[in-house]
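Chains, contacts and geometry: an overview
The chain contents come next:
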Amino acid sequence: MSVTVRARGLTKSYLDGARRTEVLRGVDLEVEPGEMVAVVGPSGAGKSTLLHLLGGLDVADGGEVEIAGRRLDGLGPAELAAFRNETIGFVFQFQELLPDFTSIENVMMPGRIAGMPVDELRRRATELLAEVELGDRLDRFPTQLSGGERQRVALCRALVLEPPLLLADEPTGNLDPRAGERVFELMQRLQQSRGTTALMVTHNPELAARCARLLRLEGGVLEPPGR
Amino acid sequence: MSRPPRRPSAERRPAAGVALYHARRYLWSTRRDAYVTFLSATAAGGMALGVAALILSLAMLSGLQQALKGEILARTPEIRVTLPPDADPAAARRSVAAVAGVREARLAAGGRGWAVAGGRARPVELAGFDGPVPETFPGAAGGRPGLYVSERLAGLWALEPGDLVELASSRPALSPFGPLPTVRRLRLAGVFDAGRTELEERVALPLADARELLGDRELTLLVSAGGLQRARRLAPAVSQALPAGARVETWQDINRALFFALRLEKTLLFLAVLLIVVVAGLALVADLSLIIASKRPELGMLGAMGATPRTLRRVFLWLGGLLVAIGGGCGVALGTAGAWLLDRWRVLRLGEAFFIDYVPFTLRPADLAAVVAAVTLLTLLCAGWAARRAAALSPVEALRR
């Protein structure tokens with residue numbers, strides 16, 4: 001289950017006081033179905049911004065994003081939300097687990113938003129958590145888990161609905177090297193076993209090198225040009 | 001080979017279920033934050049206090065108004081007909097008595113006069129009646145024709161049945177010595193209960209004597225339909241049976257000004273006490289706004305996972321609704337139980353100066369429904385206003401650290 005991701009001429013700028021800062025200056029990108037692409041670049045280069053635009057979390061100033069042939073710029077807020085729910089799994093640097101919900105409840109959340117049957121969701125979430133060796137942490141709250149465990153829960157949550165696209169923003173950035181390595185391995189394994197298209201933003205050149213393709217974002221453009 | 005994603009279908013999402021799921025969890029989880037807990041308790045407690053105060057004050061006013069209405073209606077004819085000057089009173093009485101549903105129709109005469117006994121005089125309202133004493137004279141209703149004064153006047157003047165009382169009217173009678181007041185001397189037949197609401201002294205006397213004193217210009221027809229609501233329904237038929245120019249008034253028409261004042265009093269009291277609930281509603285806005293601000297990253301993550309702005313708005317509508325349901329529920333229980341206890345044990349005693357001995361509490365379903373409706377509307381407004389902020393959050397802004 002995978003999709004093609006295309007971006008053409010993406011531009012984005014922010015107002016910094018009275019000064020306008022151009023973050024993306026015409027990014028072109030194409031990711032093939034099932035491909036895992038790493039995007040690296042210095043801090044402030046716009047890596048996260050690119051990920052947010054691809055995920056429909058933010059709106060570009062110019063250019064277009066197309067996922068599986070569907071352009072995101074034509075969708076309203078509710079349609080975009082539904083599209084994200086059905087198509088994209090997100091993993092962020094700071095996990096962003098919901099602190100009021102247990103591990104399994106966090107993993108089940110995208111399905112609950114989609115209105116799926118709870119029993120089916122619970123079965124899927126339990127299997128996924130067992131797959132990342134958290135079968136004995138189902139009823140723990142995020143505060144009762146280590147950083148690596150929290151990130152593994154976040155990974156399960158991103159994949160529970162088997163989305164065709166996984167977007168990861170510094171998924172190991174907040175973890176020690178050992179925990180980071182483990183999370184990356186799991187992510188790669190789950191991505192490959194499901195054939196999910198994945199785009200990962202990272203500062204870690206070693207992890208980036210292990211992806212199928214490596215892109216560098218610098219000066220607001222991708223190097224080499226995204227295919 | 002790329003798999004086309006399913007078409008986004010925000011409309012078919014059961015947002016209410018997941019919204020309630022989150023709201024219930026937030027309701028308990030926010031207890032961990034002392035400030036949020038304080039604000040939540042203030043909102044729910046204020047709501048409880050406001051609802052209880054509304055229920056108690058409305059129940060008290062309903063009780064008082066019901067007692068007052070009972071006192072007044074006991075002395076008010078169900079239907080009163082004022083005949084035109086050229087009408088034949090006996091024929092009009094027969095026509096009305098023949099109307100289906102009319103239990104009784106009797107002629108009556110009323111006007112101003114004086115009662116004199118033992119060298120003392122007092123202005124009175126003369127009420128002449130035909131046949132036995134009418135029901136508008138409680139305590140003497142159904143008694144034989146004769147003169148009846150209030151227990152109060154009898155006590156004041158030490159009158160006993162059989163004593164002579166002079167009644168004088170303002171209608172002059174011509175005599176060789178010029179105009180003189182018309183006077184009738186009648187023996188006291190009994191007394192009636194004037195209650196504590198009658199400020200004006202009434203005197204009941206046989207119709208023939210009243211007509212002597214007042215003439216026929218003050219003649220009316222008192223109609224009984226056997227119930228207040230029946231009287232309202234019967235009034236048009238009574239009107240049709242009468243000659244043109246006759247004026248038919250129901251007990252409602254007679255007391256229209258009083259009933260309007262009572263309704264106005266209740267409405268104003270409701271609005272004044274509702275202010276407590278409004279203040280609690282503002283505390284609810286502050287509470288929800290604080291929760292929304294403290295949960296920004298989570299709301300951003302929910303947005304990233306596909307929660308629509310509508311779902312996020314519903315989360316906080318539900319949360320506000322739950323807080324108000326807890327507070328309002330306590331308020332309803334407190335107010336209802338309080339009203340019942342205060343009425344059952346007659347806790348609030350009144351002195352002799354009042355028309356009743358204690359403050360009665362009557363909780364009417366319509367009042368309770370009005371309180372619940374007002375609180376629900378206010379909750380929707382307050383929670384809805386706060387929840388708009390959650391719906392307006394951009395996921396990327398909310399996720400930004």
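Predicted model, so just to flag it, every value in this text is computed and none were measured. (Residues numbered from 1 in each chain as written. Chains lettered and ligands numbered in written order. Predicted model: local features only at pLDDT ≥ 70, side-chain atom pairs only at ≥ 80, totals over all residues.)

Our focus in this paragraph is the overall build of chain B. Summing up its helical and strand segments, chain B has twelve helices and nine strands in all. Relative to a compact globule of 401 residues, whose C-alpha radius of gyration would be 21 Å, chain B shows 33 Å and is clearly more extended. Its C-alpha atoms put chain B at 125 × 50 × 35 Å along the principal axes. Per-residue burial for chain B yields a buried fraction of 36% across its 401 residues. (Helix = DSSP H or I, 4+ residues; strand = E, 2+ residues; numbered from the N terminus. Rg over C-alpha atoms; globule rule 2.2 N^0.38 Å. Buried ≥ 20, exposed ≤ 12 C-beta atoms within 10 Å, placed from the backbone.)

Another aspect to go through is the overall build of chain A. Check the secondary structure of chain A and you find seven helices and ten strands. Compactness check: chain A gives a C-alpha radius of gyration of 17 Å against a globular reference of 17 Å for 227 residues, within 12% of the reference. By principal-axis analysis of the C-alpha atoms, chain A measures approximately 50 × 40 × 35 Å. Taking all 227 residues of chain A together, 53% fall into the buried category.

A separate point is the interface of chain A and chain B. Tallying the contact residues gives 36 residues for chain A and 32 residues for chain B. Elements with a contribution of two residues or more to the side of chain A that touches chain B: α2 (77-87) and α3 (103-114) of chain A. A per-element tally of the side of chain A that touches chain B places α2(A) first, with ten residues. For the side of chain A that touches chain B, the per-class residue count stands at 21 nonpolar, seven polar and eight charged. (Contact = placed C-beta atoms within 7 Å. Nonpolar A, V, L, I, M, F, W, Y, C, P; charged D, E, K, R; others polar.)

A few words now on the pairing of strand β1 (residues 5-16) of chain A. Walk down a regular strand and you will see the side chains alternate between the two sheet faces. Residues and elements named next belong to chain A. Note: β1 against strand β4 (residues 62-67), five bridges, orientation antiparallel. Looking at the pairing, Arg6 lines up with Glu66 of β4. Looking at chain direction, β1 and strand β2 (residues 19-31) are connected through ten bridges and run antiparallel. Its bridge partner being in β2, Lys12 is matched across the sheet by Leu24. In textbook terms, the turn of a hairpin is the stretch between consecutive antiparallel strands, and for β1 and β2 this stretch comprises two residues, one of which, Gly17, has a positive phi near 70 degrees. (Pairing = 2+ DSSP bridges.)

What follows deals with the sheet that holds strand β7 (residues 165-169) of chain A. All names here are of chain A. The six strands lie next to each other as β6-β7-β8-β3-β9-β10, forming an open sheet whose pairing is mixed. On the outer flanks of this sheet lie β6 (88-91) and β10 (221-223), each paired with one strand and no other. Each adjacent strand pair in this sheet contributes to an overall mean axis angle of 20 degrees, direction not counted. Bridging between strand β3 (residues 36-40) and strand β8 (residues 197-201) involves four bridges; their strand directions are parallel. (Axes fitted to C-alpha atoms, helices over the stretch in contact; angles between N-to-C directions.)

Residues and elements named next belong to chain A. The contact between α3 and helix α4 (residues 118-131) brings their axes to 9 Å, and the two run at 130 degrees. Here α4 runs oblique to α3, going by the angle between their axes. Pair α3 / α4 crosses with right-handed handedness. Each of Ser103, Ile104, Val107, Met108, Gly111 and Arg112 in α3 lies in contact with α4, whose residues at this interface are Leu121, Arg122, Ala125, Thr126, Leu128 and Leu129. (Parallel < 35°, antiparallel > 145°, perpendicular 65-115°, else oblique. Left-handed = near helix turned anticlockwise from the far one by under 90°.)

This part covers the nonpolar core. By size, the foremost hydrophobic cluster in this structure holds 131 residues, and its most contacted members are Leu155(A), Cys156(A), Leu199(A), Leu284(B), Leu288(B) and Phe316(B). With 15 residues, the single largest contributor to this core is helix α2 (residues 34-73) of chain B. When sequence neighbours within four positions are dropped, the list of residues in contact with Leu284(B) reads Ala43(B), Gly320(B), Leu323(B), Val324(B), Cys382(B) and Ala383(B). Counting residues in each nonpolar core, the second largest holds 49 residues, with Ile79(B), Val81(B), Ala108(B) and Leu205(B) among its members. (Core = buried A, V, L, I, M, F, W, Y, C linked by C-beta atoms within 7 Å.)

Below, the discussion takes up the packing of α2(B) against helix α8 (residues 256-294) of chain B. Residues and elements named next belong to chain B. Where α2 contacts α8, the axes come no closer than 8 Å and their chain directions differ by 170 degrees. Taken together, the axis directions place α2 and α8 in an arrangement best described as roughly antiparallel. A breakdown of the residues in the contact of α2 with α8 according to their chemical character gives 26 nonpolar, seven polar and three charged.

A word on the environment of Arg25(A). Considering the arrangement of structural elements, one finds Arg25(A) in strand β2. When the C-alpha positions of Arg25(A) and Gly63(A) are compared, they lie 9.8 Å apart, and in sequence the two are 38 residues distant.

Residues and elements named next belong to chain A. Ordered in space as β2-β1-β4-β5, the four strands form an open sheet in which the pairing is antiparallel. On the outer flanks of this sheet lie β2 and β5 (70-71), each paired with one strand and no other. In the packing of helix α1 (residues 47-54) onto the sheet, the strands contacted are β1, β2 and β4, and the crossing angle to β1 comes to about 125 degrees.

A separate point is helix α9 (residues 296-305) of chain B. Most of α9(B) sits inside the fold, with seven of its ten residues counted as buried. Those residues of α9(B) that sit buried are Leu299(B), Gly300(B), Met301(B), Leu302(B), Gly303(B), Ala304(B) and Met305(B). Residues of α9(B) that are buried sit in contact with α2, β6 and α3 of chain A together with α10 (309-344), α11 (365-392) and α12 (395-399) of chain B. In the stretch just after α9(B), Gly306(B) is the one whose phi turns positive, near 115 degrees.

On to the pairing of strand β4 (residues 147-150) of chain B. Residues and elements named next belong to chain B. One ladder, built from four bridges, connects β4 with strand β6 (residues 178-192); its direction is parallel. In the strand pairing of β6, Ser150 is matched with Phe192. Bridge count for β4 against strand β7 (residues 202-206) is two bridges, and the pairing is antiparallel. Paired with Tyr148 across the bridge in β7 is Ala204.

All right, on to the confidence of the model for chain B then. For chain B, per-residue confidence averages 90 on the pLDDT scale, and 95% of positions sit at 70 or higher. Here residues 1-15 of chain B is modelled with pLDDT under 50, and outside its nearest four sequence neighbours on either side it reaches 40 contacts, counting other chains as well. (pLDDT = per-residue confidence, 0-100.)

If you check α8(B), its first and last C-alpha atoms are 56 Å apart, about what 39 residues at 1.5 Å a residue would give, namely 57 Å. Taken together, the buried positions of α8(B) are Leu274(B), Val277(B), Ala280(B), Gly281(B), Ala283(B), Leu284(B), Val285(B), Asp287(B), Leu288(B), Ile291(B) and Ile292(B). (Expected span 1.5 Å × (residues − 1).)

Right, let's get into the environment of Gln229(B). Relative to the helices and strands, Gln229(B) is located in helix α6 (residues 228-240). The sequence separation of Gln229(B) and Thr376(B) amounts to 147 residues, and the corresponding C-alpha distance is 33 Å.

Attention now goes to unusual backbone geometry. Residues and elements named next belong to chain A. Located in the positive-phi region is Glu133, a residue other than glycine, with phi close to 60 degrees. By secondary structure assignment, the location of Glu133 is in the loop between α4 and α5 (147-159). Given 12 C-beta atoms within 10 Å, Glu133 falls into the exposed group. If you check the backbone angles, Glu162 has positive phi at about 50 degrees while not being a glycine. Residue position: Glu162 is located in the loop between α5 and β7. Given 13 C-beta atoms within a 10 Å radius, Glu162 is considered partly exposed.

Taken residue by residue, chain A gives an average pLDDT of 91. The fraction at 70 or more is 98%. Averaged pLDDT values for the elements of chain A fall to 87 in β10(A) and rise to 96 in α3(A).

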